[in-house]
Amino acid sequence: TGLFHVNSIRLLDYWIRYINGDHKPHSESEILMRNMLYYTFYKKHPATMGFADIDAGIESVLHEDFVKDEVLQILQYNRTHVDFVPGINEYPFTCPLDLHCQYNTNQIMAAFGYFTETVSPEFREGVKYFDNKKTDIFLINLNKSEKDFSPSTMYEDYAINAHLFHWESQSQDRESSAKIQRYIHHKETDNHISLFVREYKRIGAYTAPYIFLGDADYDKHEKERPVSFVWRLHAAIPAELLPKANKSIAM
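> Would you take a moment to explain the overall build of the protein for this structure?
Helix and strand content of the protein: seven helices and twelve strands. Taking 251 residues into account, the globule formula puts the C-alpha radius of gyration at 18 Å, and the protein, at 19 Å, falls close to it. Along the longest, intermediate and shortest principal axes, the C-alpha atoms of the protein span 55 × 40 × 35 Å. When each of the 251 residues of the protein is scored for burial, the buried share is 49%.

Here it is as structure tokens:
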């Protein structure tokens, strides 16, 4: 199920090459994309799953020819149906995420090198700071059902227009906290702020992927507990997503 949404041309091309036998990564980007494939199938790093390494974990899924063929068919179908040109991320470090492509949480964590061949730390939050990369990512659900979220996490997150996005911090966050101050002053400290959004947490029984909206800059903030931010995205929100992300546009 972690395959159907994948629409990054470079990720699809690499995964198809890998499954067809090119198992030796030729770059840091390929190592990360291989890890993304592993974490598409598993939640924990190889040793905890009883595998010698990443390749052994992937092989355990694909060793039956009919499974391998089915996975390749899905990836090749996705590849022929990509109908947009993904943008390039702005990070000063290697990260194989492409603008406006779709990824699930595990794939995002692997792309940032947080889930690796040897570690897969617990991650349940909607925000994550990669201090070694000076990057904050926000994983945003536009429509929150009461069932999936407690009252303290029913944030007001929505697009104001194609470039401005309104986002609320967690309910306990104060303006004076180190985290909120890092968000406000991210430009002076060369910290990246990146947004990932999805319309719903689930699509039927399937956990929905996020769309990578890329980097954003601090525009303004107000109140506290929670703190409300307006972020200015470097790249416009895709036209087909905007009506779903903007609550004032009639559907």
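> Can you walk me through the nonpolar core in this structure?
Side chains of nonpolar character tend, in soluble globular proteins, to be buried together. Counting residues in hydrophobic clusters, the biggest one holds 46 residues, and the most contacted among them are Trp15, Met36, Leu97, Phe112 and Phe196. Of all the secondary structure elements, the ones that give two or more residues to this core are α1 (9-19), α2 (28-41), α3 (54-62), α4 (65-80), α5 (105-111), β5 (135-141) and β11 (210-222). A total of seven residues in this core trace back to one element, the largest contributor, which is α1. In this view, Leu97 contacts Arg10, Met36, Asn89, Tyr103, Ala111, Phe112, Phe196 and Phe212; residues no more than four positions away in its chain are not counted. Core analysis: the second largest hydrophobic core is formed by 24 residues, Val127, Leu195, Leu213 and Leu242 among them.

> Honestly, the packing of aromatic side chains in this entry has me stumped. Any pointers?
In this description, a pair of aromatic rings is defined by centroid distance and the angle of the planes. Applying the stated criterion to the full structure yields 23 aromatic pairs. With a centroid separation of 6.5 Å and 50° between ring planes, the pair formed by Trp167 and Trp231 is classed as tilted. In this pair, Trp167 is assigned in strand β7 (residues 164-168) and Trp231 in strand β12 (residues 228-233), connecting sequence segments 64 residues apart. Grouping residues by exposure puts Trp167 and Trp231 together as buried. Three or more aromatic residues link up through ring pairs in this structure, and these residues are Tyr38, Tyr39, Tyr42, Phe51, Tyr91, Phe93, Phe112, Tyr114, Phe115, Phe130, Phe196 and Phe212. It is Lys133 that lies over the ring of Phe93; its NZ or CZ is 5.5 Å from the centre. The ring centre of Tyr129 lies 3.6 Å from the NZ or CZ of Arg182, which sits over that ring.

> Any chance you could explain the pairing of strand β4 (residues 127-130) here in plain terms?
In the case of a regular strand, side chains alternate between the two sheet surfaces. Both β4 and β5 contribute to a ladder of four bridges, which runs antiparallel. Bridging from a neighbouring strand, Val127 pairs with Phe138 of β5. Taking the residues that link successive antiparallel strands as the turn, the β4-β5 hairpin has four residues, and the phi of Lys134 there is positive, at about 50°.

> In this structure, what is going on with α1? I would like to understand it.
Helical geometry: 3.6 residues make up each α-helical turn, so side chains three or four residues apart lie on a common side. For α1, the set of buried residues is Leu11, Leu12, Tyr14, Trp15, Ile16, Tyr18 and Ile19. The elements touched by buried residues of α1 are α2, α3, α4, β3 (102-103) and α5. Where α1 ends, the next residue or the one after it, Gly21, has phi of about 120°, a positive value.

The rules behind the values
Residue positions within a chain follow its written sequence, with the count starting from 1. This being a predicted model, a pLDDT of at least 70 is required before a residue's local features are given, and a value of 80 or more before pairs of side-chain atoms are given or counted; all residues contribute to the totals for chains, interfaces and linings. Calculation of side-chain values draws on the structure's entire complement of heavy atoms; hydrogens and water are dropped beforehand. The way it works is that DSSP assigns letters per residue, a run of H or I at least four long becomes a helix, a run of E at least two long becomes a strand, and they are numbered from the N terminus. For this measure, only C-alpha atoms enter the radius of gyration; the expected value for a globule follows 2.2 Å times N^0.38, where N is the number of residues. For the exposure calls, accessible area comes from a 1.4 Å probe over protein chains only, and a residue counts as buried if that area is under 20% of its type's maximum, exposed if over 50%, partly exposed in between. Buried residues of nine kinds, namely Ala, Val, Leu, Ile, Met, Phe, Trp, Tyr and Cys, make up a nonpolar core once their side-chain atoms join them within 4.5 Å. Contact definition: two residues touch when any of their heavy atoms are within 4.5 Å. Each aromatic pair joins two rings of Phe, Tyr and Trp (for Trp, the six-membered one) with centres within 6.5 Å, and gets the label stacked for planes under 30 degrees apart, edge-to-face for over 60, and tilted for any other angle. Remark: a charge is flagged as sitting over a ring if the NZ atom of Lys or the CZ atom of Arg is within 6 Å of the ring centre and within 35 degrees of the ring normal. Strands qualify as paired when DSSP identifies two bridges or more between them.

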